[in-house]
Amino acid sequence: MKMTLRWFGKDHDSVSLEHIRQIPGVTGVVTSLLDIPVGDIWSLEEIMERKLEVESYGLKIEGIESVNIHENIKLGLPSRDKYITNYIETIKNLSKADIHLICYNFMPVFDWTRSDLAKRLEDNSTVLSYEATLVENIDPMVMVSEMEAKSSGYSLPGWEPERLKDIKVLFDAYKEVSEEDLFENLKYFLKAIIPACEKYDVKMAIHPDDPPWPIFGLPRIMNCEKNIDLLLEMVDSPYNGLTLCTGSLGANKANDIPKLIRKYGNRIHFAHIRNIKFHEGRDFDESAHLSSKGSLDMYEIMKAYHEIDFQGIMRPDHGRMIWDEVARPGYGLYDRAIGASYLLGLSEAIDKLK
Ligand code: DNO
């Protein structure tokens with residue numbers, strides 16, 4: 001397994017490559033070119049510029065998180081073909097730059113959603129949290145502005161203003177799209193791009209819905225074992241794979257994460273690891289990574305990865321905000337560095353106990 005950290009690029013991140021290279025055991029980053037509008041081609045020049053920058057710190061770009069999918073592809077509009085052609089060009093250019101993994105999601109309109117980006121715990125740290133009744137009773141437009149107000153000045157990944165400017169129009173457009181339609185649109189997309197992925201050796205790793213249930217009446221499909229089975233079968237190629245996110249899938253108690261890791265094995269290309277602490281109903285906080293701090297058993301999760309001999313890319317996921325750090329919600333340096341060290345520690349122990 002290769003341990004990485006997510007890095008948003010020097011103009012979009014408070015954490016530097018210098019910081020990242022000082023975390024023991026972290027050898028690479030996953031990154032994205034956030035200034036390129038969704039749907040446009042990523043040129044080889046722009047990719048190479050980022051690659052050389054990362055490599056000048058002795059780190060490697062292990063994958064892209066994310067090349068976002070244009071809404072017209074998710075909506076199945078006629079113009080999707082143009083955006084798919086662009087996506088294939090991006091795949092080709094990433095391959096030329098020796099980058100072989102793309103993480104993406106197929107969630108309509110929003111990426112991940114929380115009701116609070118800075119819930120204060122007793123120890124004065126803050127965490128991302130989800131309170132179902134708040135999300136169920138808020139106008140999504142109001143939520144967008146509240147999220148932006150609490151995001152320490154960073155536009156959240158997946159919540160870029162340019163992506164959300166037509167939010168009302170998007171909501172109307174999705175009224176016509178059922179879950180079956182969304183699945184068909186995902187299939188159309190994958191059938192079109194996977195041959196290029198095979199040719200250029202670039203693996204696709206879909207990220208599950210976060211949280212793993214529909215919100216705001218929008219269809220959502222990537223949130224349970226049955227639908228993941230469908231996804232993997234509909235284009236049965238190793239290049240059509242998964243980002244297995246413990247915190248996203250794990251928020252639904254019916255998703256048994258160690259079991260899913262063993263089941264999907266080498267179709268998992270990217271592992272996002274974080275813990276969550278369940279409260280009443282569907283409510284949860286994103287706790288520190290330690291098993292004792294949350295509801296998921298990190299030892300069992302790492303053991304499952306060892307059993308499948310996971311050779312893919314791993315990263316600690318969201319962290320708390322601690323030690324007065326000001327950073328993108330979920331993406332500070334300190335708690336993610338602690339998370340990475342903890343996961344590497346579990347991994348070393350599991351190896352030595354074999
Ligand atoms: C949350 C992340 C997601 C993920 C995208 C993939 O912090 O895990 O934003 O990167 O859903 O496209």
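A quick note: this is a predicted structure, and the numbers were derived from the prediction, not measured.

Undergrad: Lay out the pairing of strand S5 (residues 116-120) in plain terms, naming residues and giving numbers.
TA: Bridging between S5 and strand S6 (residues 126-130) involves 3 bridges; their strand directions are antiparallel. What sits directly across from Arg-120, in S6, is Thr-126. Where S5 folds back onto S6 in an antiparallel hairpin, the turn is made up of 5 residues, including Asn-124, whose phi is positive at roughly 80°.

Undergrad: Account for unusual backbone geometry, naming residues and giving values.
TA: Residues Glu-65 and Ser-66 are joined by a peptide bond in cis, for which omega reads 5°. Here Ser-66 lies in the loop between strand S3 (60-65) and helix H3 (71-75). A cis amide bond links Asp-210 with the next residue in sequence, Pro-211, at an omega value of 0°. Within the secondary structure, Pro-211 is located in the loop between strand S7 (203-207) and helix H10 (225-234). With a phi angle near 60°, Val-109 is a residue other than glycine that sits in the positive phi range. Counting through the fold element by element, Val-109 comes out in the loop between strand S4 (101-105) and S5. A positive phi is found at Phe-216, a non-glycine position, where the angle reads about 55°. Relative to the assigned elements, Phe-216 resides in the loop between S7 and H10.

Undergrad: I'd like to hear about a negative patch on the surface, residue by residue, with values.
TA: Taken together, the side chains of Asp-11, Asp-35, Glu-45, Glu-46 and Glu-49 make up a negatively charged region of the molecular surface. The topology assignment puts Asp-35 in the loop between strand S2 (28-31) and helix H2 (44-55). Take Asp-35: its relative accessible area is 57%, and that puts it in the exposed class.

Undergrad: Could you give an account of the site of the ligand, naming the residues involved and the relevant values?
TA: The ligand sits among 14 residues. The nearest are Glu-65, Ser-66, Asp-111, His-318 and Tyr-331. One nitrogen or oxygen atom from the side chain of Glu-65 is found 2.5 Å from an oxygen atom belonging to the ligand. Separating an oxygen atom of the ligand from a side-chain N or O atom of His-318 is a distance of 2.4 Å. Protein coverage of the free-state accessible area of the ligand, which is 330 Å², stands at 100%. A total of 3 residues in the shell around the ligand trace back to one element, the largest contributor, which is S4. Here the residues of the shell around the ligand are counted per class, giving 5 nonpolar, 5 polar and 4 charged.

Undergrad: How would you sum up the packing of aromatic side chains? Please name residues and give values.
TA: Here the structure, examined in full by the defined rule, presents 10 aromatic pairs. A centroid spacing of 6.0 Å and a plane angle of 65° characterise the contact between Phe-110 and Phe-171, whose relative ring orientation is edge-to-face. Here Phe-171 lies in helix H8 (residues 167-174) and Phe-110 lies in the loop between S4 and S5, a separation of 61 residues in the sequence. Here the aromatic rings of Tyr-305 and Phe-310 are separated by 4.7 Å at their centres, their planes lie at 55°, and the arrangement is tilted. Overall, Tyr-305 belongs to the buried group, its relative accessible area being 2%. Overall, Phe-310 belongs to the buried group, its relative accessible area being 7%. Three or more aromatic residues link up through ring pairs in this structure, and these residues are Tyr-87, Tyr-104, Phe-106 and Phe-189.

Undergrad: Which residues make up the pattern of salt bridges, and what are the values?
TA: Throughout the structure, instances matching the rule amount to 27 salt bridges. One salt bridge connects Glu-307 with Arg-262, and the closest N-O pair in it is separated by 2.6 Å. In this pair, Glu-307 is assigned in helix H13 (residues 298-307) and Arg-262 in helix H12 (residues 257-264), connecting sequence segments 45 residues apart. Residue classification places Arg-262 among the partly exposed residues on the basis of a relative accessible area of 36%.

Undergrad: Run through the nonpolar core, naming residues and quoting values.
TA: Membership of the largest hydrophobic core comes to 101 residues, with the highest contact counts inside it found for Leu-186, Phe-189, Leu-190 and Tyr-305. Among the elements that take part in this core, helix H9 (residues 179-200) stands out by supplying 10 residues, more than any other. Ignoring any residue separated from it by four or fewer positions in sequence, one finds Tyr-305 in contact with Leu-244, Ile-261, Ile-268, Ala-271, Ile-273, Phe-310 and Met-314. Among the nonpolar cores identified, the runner-up in size contains 6 residues, and Leu-101, Cys-103, Ala-205 and Phe-270 belong to it.

Undergrad: Provide a residue-level description of H12, including the pertinent values.
TA: For H12, the set of buried residues is Ile-257, Pro-258, Leu-260, Ile-261 and Tyr-264. The arc that holds every buried residue of H12, seen down its axis, measures 160°, which confines them to one face. Contacts made by the buried residues of H12 are with H10, strand S8 (240-245), helix H11 (246-250), strand S9 (268-273) and H13. Looking at the residues trailing H12, positive phi occurs at Gly-265, about 40°.

Undergrad: Explain helix H4 (residues 80-96) to me, using residue names and the numbers behind them.
TA: An ideal rise of 1.5 Å per residue puts 24 Å on 17 residues; H4 measures up with 24 Å between its terminal C-alpha atoms. On its buried face, H4 is in contact with H2, S3, H3, S4, H9 and S7. Within two residues after H4, Asp-98 carries a phi angle of roughly 65°, on the positive side.

Undergrad: Go over the side chain of Asn-227, please, and point to the residues and values.
TA: As for its placement among the helices and strands, Asn-227 is situated in helix H10. A residue is classified by how much of its surface remains accessible, and Asn-227, at 8% relative accessible area, is buried. Ignoring anything within four residues of it in the chain, the contact list for Asn-227 reads Phe-183, Ile-221 and Met-222.

Definitions and limits used
Residues numbered from 1 in each chain as written. Predicted model: local features only at pLDDT ≥ 70, side-chain atom pairs only at ≥ 80, totals over all residues. Heavy atoms only, no water. Pairing = 2+ DSSP bridges. Helix = DSSP H or I, 4+ residues; strand = E, 2+ residues; numbered from the N terminus. Patch = residues over 30% accessible without salt bridge, like charges linked within 9 Å, V, L, I, M, F, W, Y side chains within 5 Å. Areas by Shrake-Rupley, 256 points an atom, 1.4 Å probe, with all protein chains shown as cover. Salt bridge = Lys/Arg side-chain N within 4 Å of Asp/Glu carboxyl O. Lys, Arg positive; Asp, Glu negative; His and termini not counted. Charge placed at Lys NZ, Arg CZ, Asp CG, Glu CD. Buried < 20%, exposed > 50% of the residue type's maximum accessible area, 1.4 Å probe, protein only. Near = heavy atom within 4 Å. Polar contact = N/O pair within 3.5 Å; in protein donor to acceptor, adjacent residues only side chain to side chain. Nonpolar A, V, L, I, M, F, W, Y, C, P; charged D, E, K, R; others polar. Phe/Tyr/Trp six-rings, centres within 6.5 Å; stacked < 30°, edge-to-face > 60°. Core = buried A, V, L, I, M, F, W, Y, C linked by side-chain atoms within 4.5 Å. Contact = heavy atoms within 4.5 Å. Arc of directions from axis to C-beta. Expected span 1.5 Å × (residues − 1).

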